[in-house]
Amino acid sequence: MSHTFDRHFWEERYHGHGGAHTRQPHTHLMDAARNLTPGTALDAGCGEGADTLWLASHGWRVKAVDIASSALERARAHARDLGTEVADRVEWERADLAAWEPPAARFDLVCSHYVHTHGSDQALFQRLAEAVAPGGTLLIVGHQPTREENADPHGPIPGSHVRAEETAAHLDPDRWEVIVAEPRTRTVAASDGREVVLHDSVLWARRHR
C-alpha cells in the first residue's frame, strides 16, 4: 500500500510517537560532517531535530525545515533543553517541502534523511542540490528497496524509497564529485527490543562550483 505523504500523514505519524525524544543523529550524517569545518547547514525534513541539534551542538548554524508542527514543537523543546547557545544556532521553519524553495543564500551542508513528500522526491533533491554552496556537501539518505521489507512492521513505509545512484545521475559531473552513491546497511534496536537491519540508500557529494 502506498501513502500520500502530506501534512496530515506526517502530523498523525509524529502524534503517535509520544512525547519522548529518543532519536539519535544518523550515523551517515556524523560520518559526512565529522571532518567538515562548521558553517551553514540546511536540514530538509528535520523531524524532531536530532540531526539539526547534533549539527548545532558542533558549531553549525542550521536552517531546519519540516512539514509537521508537532515534530517542530518537540525539536524546539529539545533545543531549549540543550541551552541557549545551541538553540540560538537554529532557525526552525514549518513548510511543505513539495513546494518549498530554499532561500537564495546557499549552504555549506545540505542534508535530508528519509524525506518523502506528496510531490516529486527527485524534484526536491534537485532543489536541495542547487542550495549547496561551491565547496559544500550534499547528503541525501533514503530507504533502499529490498524484497523482505514488506513483511517487517519496523521496516520502511511502503512507497518511501529512493535509489542513490539514480539521484546521483542528475548531478552535473563538471560541478559535482560523488563520494558515495550506494546502498548501505545498519543495525538498530526496535521498540520491541529486537535488532533490525535497515537498508539505506546514501548519496554523499561535494560541489565544485
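Residues numbered from 1 in each chain as written. Predicted model: local features only at pLDDT ≥ 70, side-chain atom pairs only at ≥ 80, totals over all residues. Heavy atoms only, no water.

Draft legend 1. Structural view of the state of the cysteines. As enumerated under the stated definition, the model contains zero disulfides in all. C46 carries a free sulfur, and the closest cysteine sulfur to it, the one in C111, is 9.5 Å from it. (Disulfide = S-S within 2.5 Å.)

Draft legend 2. Spatial organisation of unusual backbone geometry. Positive phi, close to 55°, is recorded for Y114, a residue that is not glycine. Within the element layout of this structure, Y114 appears in the loop between β4 (107–113) and α6 (121–130). For Y114, a relative accessible area of 15% puts it in the buried group. (Helix = DSSP H or I, 4+ residues; strand = E, 2+ residues; numbered from the N terminus. Buried < 20%, exposed > 50% of the residue type's maximum accessible area, 1.4 Å probe, protein only.)

Draft legend 3. Structural context of the pattern of salt bridges. For the coordinates displayed, the defined rule picks out 10 salt bridges. The partner of E130 in a salt bridge is R175, and the shortest N-O contact between them spans 3.7 Å. With E130 in helix α6 and R175 in the loop between α7 (164–168) and β6 (176–189), this residue pair connects regions lying 45 residues apart in the sequence. One salt bridge in this structure joins E182 and R184, with 2.8 Å as the shortest N-O distance. (Salt bridge = Lys/Arg side-chain N within 4 Å of Asp/Glu carboxyl O.)

Draft legend 4. Structural view of helix α3 (residues 50–57). Among the eight residues in α3, seven count as buried, and that is most of the element. Every buried residue of α3 is listed here: A50, D51, T52, L53, W54, L55 and A56. Following α3 by one or two positions, G59 adopts a phi angle in the positive range, close to 95°.

Draft legend 5. Looking closely at the pairing of strand β7 (residues 195–207). Bridge analysis of strand β5 (residues 132–143) against β7 gives seven bridges, and the strand direction is antiparallel. Directly across from V141, in β7, lies its bridge partner V202. (Pairing = 2+ DSSP bridges.)

Draft legend 6. Main features of the sheet that holds strand β2 (residues 61–66). As summarised here, the arrangement of the seven strands in space is β3-β2-β1-β4-β5-β7-β6, forming an open sheet in which the pairing is mixed. Every other strand in the sheet has two partners, leaving β3 (90–94) and β6 as the edge strands with one partner each. Strand-to-strand twist in this sheet, taken as the mean axis angle between neighbours without regard to direction, amounts to 15°. Bridging between β4 and β5 involves six bridges; their strand directions are parallel. (Axes fitted to C-alpha atoms, helices over the stretch in contact; angles between N-to-C directions.)

Draft legend 7. How the structure looks around the environment of V110. One can find V110 in strand β4. On the basis of relative accessibility, which here comes to 0%, the residue V110 falls in the buried class. In this structure V110 touches L42, L128, A131, V132, T137, L138 and L139, once residues within four positions along its chain are discounted. (Contact = heavy atoms within 4.5 Å.)

Draft legend 8. Structural context of the pairing of β2. Counted residue by residue, β2 has five buried out of six residues, so it is predominantly covered. In the sheet, strand β1 (residues 40–44) pairs with β2 via five bridges, with the strands oriented parallel. Directly across from A41, in β2, lies its bridge partner V62. With five bridges joining them, β2 and β3 adopt parallel strand pairing. Residue pairing across strands places K63 opposite E91, the latter belonging to β3.

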